[in-house]
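Structural characterization, general
These are the residues of each chain, in order.
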Amino acid sequence: MEKSFYFGPGIEAEEKKEYWHGDLWAESPLFGQEKITINREIYYPNEFIIYKENGKRRFGRIRSIVSINDELQIKIQRICTYYELPNNLHSNVHSITSESQLWLIDQHLEEGSIIANTYEIIKKVDITIVRDSTIITNSLFIKEILYKNNGHWKLRDATLDYMHPCEYSALSSPPSSYNNFRILKIFIDIYYDDFGTYRNTYHSLGGVYIQLGNMPFEMRKHLRNHFVLGFVPFGGCFKDFIHPFIKDMKQLEKGILMNIQGRDCWIIAGLECITADLPQGNDLTGCRTCLAKENATDITLDIASISRYHHITNIQFKNIFTALTLEERNNIAKEYGLQTSLPIFDQLQWERHLQSPQDIYHIIAGKTLKLLKLTITMLSPEGERNFIREWKSFEYPKQWSKLPNPISHLESFMMSDRIRLGMVMPFILNRSLTINCLKQQEMDKLQRRIKLNRNQVINAIIKCWAIVAKCSQLTFKISLTIDDRIELERYLKKEREALVELFDDFVGLPNLHASYHLSRHVRTFGTLVNTAVGTKEMVYRKNIEFDLLKYYTTLQAIRHLSDGGIDPRNLQHSVEFMNLFQDFSHLFKDWFIMESSETDNKEFKVCSPSSYFRNIMLRKPVSVRNTNIGIDTVSFRTDLALAYESFGYNSSLINKTCNFYEYASYIQDVHNAEVQCHLSIDDVVTIQVADYGESYAVIKGIFKHKSNDGYLYPFIYVDWFEDICKNHNRLECPIFVLRHDDTYCKIFPLTVIEKVQKVHFVHDCNSRCKDNHNLENKHYLRNDFFFKVI
Ligand SMILES: [Zn+2]
Ligand SMILES: [Zn+2]
């Protein structure tokens, strides 16, 4: 466990993926580096300092001690003086009471924080953040934060910010006799899902899971690494259920002695994040993160100044508890949008608003469903026909299971189905939606609303879908670079604008509003996927297993009855049933569950020219005639020779025979993890090409060839997608041309493949694509909305 787990300071990474890339890990003493010694002085996060920046002395506040390239550095929140305030704010500061007032710069602005080397730290300094009105004189103080709203500089009260984690959690050091023990800090993530409320199932059962944030993402996403704490029984009380866990956690926050593989360690665990999808969901109550109401989707919403903060909510709770009558108590609670009792997790050290993020799985699925419903309701009968035709014939990613009919079965769509349909909707609408496809009154309504002509309305709907789909894709990215984070923020804004502009139903919608908080969650937890509930997939899988079990039981019952068995309810043979089925009895004879219908096919093992690929098996031979590949051509032989050269075989080839197959499977080592891969004809693969980066190709043939030394090697024959550096005008996806000719080398060792089916290409249809795609048109769109739902 110790080897693969991460215990250490927060890491300032270019590309954020893990929990330790987020602010919370770095800043909280329960998880990150709690102190550092510089010039024999110990510095802690949340302390104020004087440091050197470009040779000048400045005030700053230590946010965290982070590791950059294995070296500890100091992340500082910048502070400005009166003279450094933007000019337009000088008048806002009524009178300079003294030279002693300073301003914190919002740490999330680009100019809000800076990373300094330890030698740039000069000394500590006393600065007080004034959160109530009693100003302490004779000392430097801060009572306002400089920030930006909608591009304008503004000041807000210093109370309107999350406290530094050091202000609400403390690391208790182990007893002195344990001082030399290694301290391991564990990051606990808890997820409560009342899944009955979100699917059309009959039972409602709350599952509580925990995950360990110290696991790298690749490990954490596996099913076996979700630990089920238990299920809250029907009608049971969550508080009672969770009580023993809270008790343990309180102990763990203080630390316990544990022997790990023969070594005594001091273990500390802290609560990092709670994702709870309680029955009220996102749509019924106000926002749990801020105080937005009817204005929830306003473009100019000033989130920082309306956010809920733990220390402010504490005062509100106090007011609730001091109420004299029950009625008064309820009224106050209602006014604040709070419960009448403290959340049970308040017994632990946490910031209740910051550490209970909205779940992107619910947000995106909810938003997509709403947009689907609105779009489908607008369709005229012709629109429905066109839509269903394109929906049926669409070239879905191969690994998807069939989606239910969205017009008749929308209500039974599972969340993952909705998210998937969202990834292809822009293409389906782009193919099917014309001005006759909308009901007349809907078209009129939209024209009035957005003041555009009918063609522009159609364009606007398709573009809106493309923006929503792009937003989902960015939201679910498993790692985020700075550019990704900027793009995500830009797209979230575009999405709010587009949806609110087109549809009245989205105005003030809590699900859309929730996206306002996503950029904060990214900073706090590294990515959005980190706090997303992959567990839901597990719940689904569990349900699928349950369904299979049900089918299997039914089948067994039918067999039982047709074999002359007795149904205990009527205690006699079901004669009619037996008669009815005697002719079909063979149907029920040899039922068993197989992994795949091809398991009895012979497999051919071949050598691997790469140490990253093992166990390469070829299956299902096909004759070369059926492959449409000419193997007697000069270009085939040249390409094959080049492929051999790429792994160091330079002699001319003796053997001419190539045996083709439909499938290949192999084990690939990716970042020290073993990945079982399957490849088949027509799959799109990603290949890294020197000087070009990531390139895409379609597998046209998989074959083995005997080298001069008698070993059999696997090769692929491909058609390349050529990037023509142009984007589709409505969907903004890049256009590629599928090259069938032999301008580019077409044969490679199978081991050049980087990824299989990780990208999705869609035909860029023209008017000649009628019942079938007109394949003379070789233009394809890369589906930039495609992602794997974890
Ligand atoms: Zn909010
Ligand atoms: Zn087409």
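Structure first, text after, so check above.
Described below are features of the structure shown in this document. (Residues numbered from 1 in each chain as written. Chains lettered and ligands numbered in written order. Predicted model: local features only at pLDDT ≥ 70, side-chain atom pairs only at ≥ 80, totals over all residues. Heavy atoms only, no water.)

Before going further, it helps to examine the coordination of the zinc ion (ligand 1). The zinc ion (ligand 1) binds to the protein through Cys287 (SG), Cys290 (SG), His513 (NE2) and His517 (NE2); the donor distances cover 2.0 to 2.2 Å. Relative to the metal, the four donor atoms surrounding the zinc ion (ligand 1) lie at angles of 99 to 123°, and the coordination shape comes out tetrahedral. Along the chain, the residues donating to the zinc ion (ligand 1) fall in the pattern C-x2-C-x222-H-x3-H. We note that His513, like His517, is buried. (Donors = N, O, S within 2.8 Å, 3.2 Å for Na, K, Ca; no water. Tetrahedral: all angles 85-135°; square planar, octahedral: opposite > 155°, others 65-115°. Buried < 20%, exposed > 50% of the residue type's maximum accessible area, 1.4 Å probe, protein only.)

The coordination sphere of the zinc ion (ligand 2) contains the protein donors His763 (ND1), Cys765 (SG), Cys769 (SG) and His773 (ND1), at a distance range of 2.0 to 2.4 Å. For the zinc ion (ligand 2), the four donor atoms in the first shell make angles of 97 to 126° at the metal, so the coordination geometry reads as tetrahedral. Along the chain, the residues donating to the zinc ion (ligand 2) are arranged with the sequence spacing H-x1-C-x3-C-x3-H. The same class applies to His763 as to Cys769, namely buried.

The next point concerns the pairing of strand S22 (residues 684–689). The two faces of the sheet receive side chains in turn, since in a regular strand these alternate between them. In this structure, S22 lies alongside strand S23 (residues 693–706), joined through six bridges in antiparallel fashion. Its bridge partner lying in S23, Val685 is registered against Ala697. Strand direction decides the pairing type here: S22 and strand S27 (residues 753–756), joined by three bridges, are antiparallel. Bridge pairing links Val685 to Val756 in S27. (Pairing = 2+ DSSP bridges. Helix = DSSP H or I, 4+ residues; strand = E, 2+ residues; numbered from the N terminus.)

Before going further, it helps to spend a moment on the environment of Glu487. By secondary structure assignment, the location of Glu487 is in helix H14 (residues 482–502). Remark: the alpha-carbon pair of Glu487 and Cys471, spanning 16 residues in sequence, is separated by 9.1 Å. With near-sequence residues (within four places) excluded, Glu487 lies in contact with Lys470 and Leu474. (Contact = heavy atoms within 4.5 Å.)

With that settled, consider the packing of helix H12 (residues 440–450) against helix H13 (residues 454–475). Two quantities define a packed helix pair, namely the angle between the helix axes and the distance between the axes. Close contact between H12 and H13 brings their axes to 10 Å; oriented N to C, the two are set at 85°. What the angle tells us is that H12 and H13 run roughly perpendicular. Of H13, the residues touching H12 (which contributes Gln440, Met443, Leu446, Gln447 and Ile450) are Arg454, Val457, Ile458, Ala460 and Ile461. (Axes fitted to C-alpha atoms, helices over the stretch in contact; angles between N-to-C directions. Parallel < 35°, antiparallel > 145°, perpendicular 65-115°, else oblique.)

It is worth spelling out the nonpolar core at this point. Ile419, Leu433 and Leu438 are the most contacted members of the largest nonpolar core, which has 77 residues in total. Of all the elements in the fold, those that place two or more residues in this core are helix H9 (360–378), helix H10 (381–393), helix H11 (415–432), H12, H13, H14 and helix H16 (518–525). Here the element with the most residues in this core is H13; it accounts for 12 residues. When residues of this core are sorted by domain, at least three fall in each of domain 3 (360–531) and domain 5 (603–759). In this structure Leu433 touches Leu379, Leu438, Ile458, Ile461 and Ile462, once residues within four positions along its chain are discounted. Among the nonpolar cores identified, the runner-up in size contains 27 residues, and Ile186, Ile190, Val232 and Ile242 belong to it. (Core = buried A, V, L, I, M, F, W, Y, C linked by side-chain atoms within 4.5 Å. Domains from an automatic or database assignment.)

From the geometry alone we can't say anything about function, so treat these as descriptive.
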